[in-house]
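Here is what each chain is made of, one letter per residue.
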Amino acid sequence: MMAWQASGPSKSSKSSRLSRNSRPRRSPLPRPVRTLLIFVSALVFADTIFFTALTPLLPYYVHAAGLSKAGAGVLVAAYPFGTLLAALPSGVLVAHLGPKRGVLLGLILMSGSTLVFGWSNSEAALDAARFVQGLGGSCTWGAGMAWLASAAPAERRGELLGTALGAAVGGALFGPVVGAVADQIGTGPAFSASAVIGAALIAADFAMHAPERAEPQGLAAAFGSVRDPGVATGLWLTAIAGLAFGVLDVLAPLRLDALGVTPIVIGATFLASAAVETGLSPLAGRLSDRRGRYFPVRISLLSGVAVSLLAPVLAPAAVLIAMLVIGMPAFGTLFAPSSAMLSDAAHRLELNQGLAFGLANLAWAAGQTIAASASGAIAQATNDLVPYAMLAAVCLATFFATIRRRTALTAAR
């Protein structure tokens, strides 16, 4: 708000007003870019529905399929493990065939495996279906985000990626609802309804205009780009988000269950948290466009330290639920600035965006797979505080690393 003196505006307020007025206004998005934004947002919305629907059902599968805490971790890790294995192959596929075909392949895999998951009861079948969902998710996510990053204006890249990621969080918001409904009406009907969304997106993909074909690139270009600081930092921040959700998706539902929370309330907890993150993700993208990529990252990292240290010790259940709703979005808001950072570096290096987001999938899936499988086993051997404390240490170390990087860049100038 402007500061006004009795005699009129001060010189400083006039200067501030002129500065604001002199800022370039955001140019309106061309219609094809707006259409693509809507399509990619719907795509990642469906992707995260398939991924997060398991969360409130995890206690159910522990009892119904006889899973141990480590077995529950394997089930959660199966999806990101599939993404991990498909990350670079899907990036190469997008680089050679284009994002439109990459999206189509991913949707077919995800829709089919979701049906299988809904009607399965054995541990092996559940793990296998989640693994194939991860394969498909790697294709849809990498191809869709690469498609959007290539079409986005450079000055609004963080905002558009953040908007799509906000839609992904909306899917994460709706996924636990599907899981909670499945707990009431049965997994088969609930996941069959989710697969219908995938079928609708397949039809939409056929209707989308294919982007211009870029010159194909191979894995050598992808691996060579990791030496670039912008690429490496973007991938590491993506991996941290994967680590965080790997820990939280396994341990938070089980702790809530131990405190007497029902699957519906567990689903509502993740629902409310995702609702908060849906609004924060586009904001993080806009902040990264206007204040620099590191500004929202540092806020997220410090918040993540607090969440990690509080999650294993807070009680009663109501207090823990409130903290999770407010605190878990800190990790999700890392995705928008890290994706924009990675896309910026890919443009500068002339790296195909499909390969760049294939690397991002690899980083996220590696973090999620390691954390989901290891956190349950570590917690079972020790207690929940140990994996959470390890996550807090990673966030804190990365925060100080970003401070040192800013100092080094300032000195270089």
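Residues numbered from 1 in each chain as written. Predicted model: local features only at pLDDT ≥ 70, side-chain atom pairs only at ≥ 80, totals over all residues. Heavy atoms only, no water.

Structural notes on the overall build of the protein chain
Next up, step 1: Secondary structure summary: the protein chain contains 17 helices and two strands in total.
Next up, step 2: At a minimum sequence separation of 6, the contacts of the protein chain that also span at least 24 residues come to 86%.
Next up, step 3: Summing over all exposed atoms, the protein chain offers an accessible surface of approximately 17200 Å²; the carbon and sulfur share of this is 67%. (Helix = DSSP H or I, 4+ residues; strand = E, 2+ residues; numbered from the N terminus. Contact = heavy atoms within 4.5 Å. Areas by Shrake-Rupley, 256 points an atom, 1.4 Å probe, with all protein chains shown as cover.)

Some words on the nonpolar core
Next up, step 1: Counting 116 residues, the largest nonpolar core has Tyr-61, Leu-75, Phe-117, Met-145, Leu-324 and Phe-331 as the members making the most contacts within it.
Next up, step 2: Take this core: its biggest share by element is 16 residues, from helix H10 (residues 229-258).
Next up, step 3: Apart from the residues within four sequence positions on either side, Phe-117 is in contact with Leu-54, Tyr-61, Leu-75, Leu-126, Ala-129, Arg-130 and Phe-191. (Core = buried A, V, L, I, M, F, W, Y, C linked by side-chain atoms within 4.5 Å. Buried < 20%, exposed > 50% of the residue type's maximum accessible area, 1.4 Å probe, protein only.)

Considerations on the packing of H10 against helix H11 (residues 263-291)
Next up, step 1: Following both chains from N to C, one finds H10 and H11 inclined at 140 degrees, their axes separated by 10 Å at the closest point. Judged by the angle between their axes, H10 and H11 are oblique. Two packed elements cross with a definite hand, and for H10 against H11 that hand is right-handed. Each of Phe-245, Leu-248, Asp-249, Ala-252, Pro-253, Leu-256 and Asp-257 in H10 lies in contact with H11, whose residues at this interface are Ile-266, Thr-269, Phe-270 and Glu-277.
Next up, step 2: Of the residues that constitute the contact of H10 with H11, the class distribution is seven nonpolar, one polar and three charged. (Axes fitted to C-alpha atoms, helices over the stretch in contact; angles between N-to-C directions. Parallel < 35°, antiparallel > 145°, perpendicular 65-115°, else oblique. Left-handed = near helix turned anticlockwise from the far one by under 90°. Nonpolar A, V, L, I, M, F, W, Y, C, P; charged D, E, K, R; others polar.)

Examining the packing of helix H2 (residues 31-52) against helix H5 (residues 99-118)
Next up, step 1: Their axes nearest at 11 Å, the elements H2 and H5 cross at an angle of 30 degrees. As summarised for this structure, H2 and H5 are arranged roughly parallel, according to the angle between their axes. Considering how the two elements wind past one another, H2 and H5 form a crossing that is left-handed. On H5, the residues that touch Phe-39, Leu-43, Asp-47 and Phe-50 of H2 are Val-103, Leu-107, Met-110 and Thr-114.
Next up, step 2: Within the contact of H2 with H5, the residues separate by chemical class into six nonpolar, one polar and one charged.

Things to note about the side chain of Arg-293
Next up, step 1: Looking at the element boundaries, Arg-293 is found in the loop between H11 and helix H12 (294-310).
Next up, step 2: A polar contact of 2.8 Å, which involves the side chain of Arg-293, links it to the side chain of Asp-289.
Next up, step 3: Discounting residues that sit within four places of it in the chain, Arg-293 has contacts with Gly-158, Ser-288, Pro-337, Ala-340, Met-341 and Asp-344. (Polar contact = N/O pair within 3.5 Å; in protein donor to acceptor, adjacent residues only side chain to side chain.)

A few points about the packing of aromatic side chains
Next up, step 1: Taken as a whole and judged by the stated rule, the model has four aromatic pairs.
Next up, step 2: An angle of 70 degrees between the planes, with centres 5.9 Å apart, marks the rings of Phe-39 and Trp-147 as edge-to-face. Note that Phe-39 is positioned in helix H2 and Trp-147 in helix H6 (residues 123-151), a separation of 108 residues in sequence. Here Phe-39 matches Trp-147 in class, with each residue buried.
Next up, step 3: Between the NZ or CZ atom of Arg-130 and the centre of the ring of Phe-117, over which it lies, the distance is 5.8 Å.
Next up, step 4: Over the ring of Phe-295 we find Arg-291, and its NZ or CZ is 4.1 Å from the ring centre. (Phe/Tyr/Trp six-rings, centres within 6.5 Å; stacked < 30°, edge-to-face > 60°. Lys NZ or Arg CZ within 6 Å of the ring centre and 35° of its normal.)

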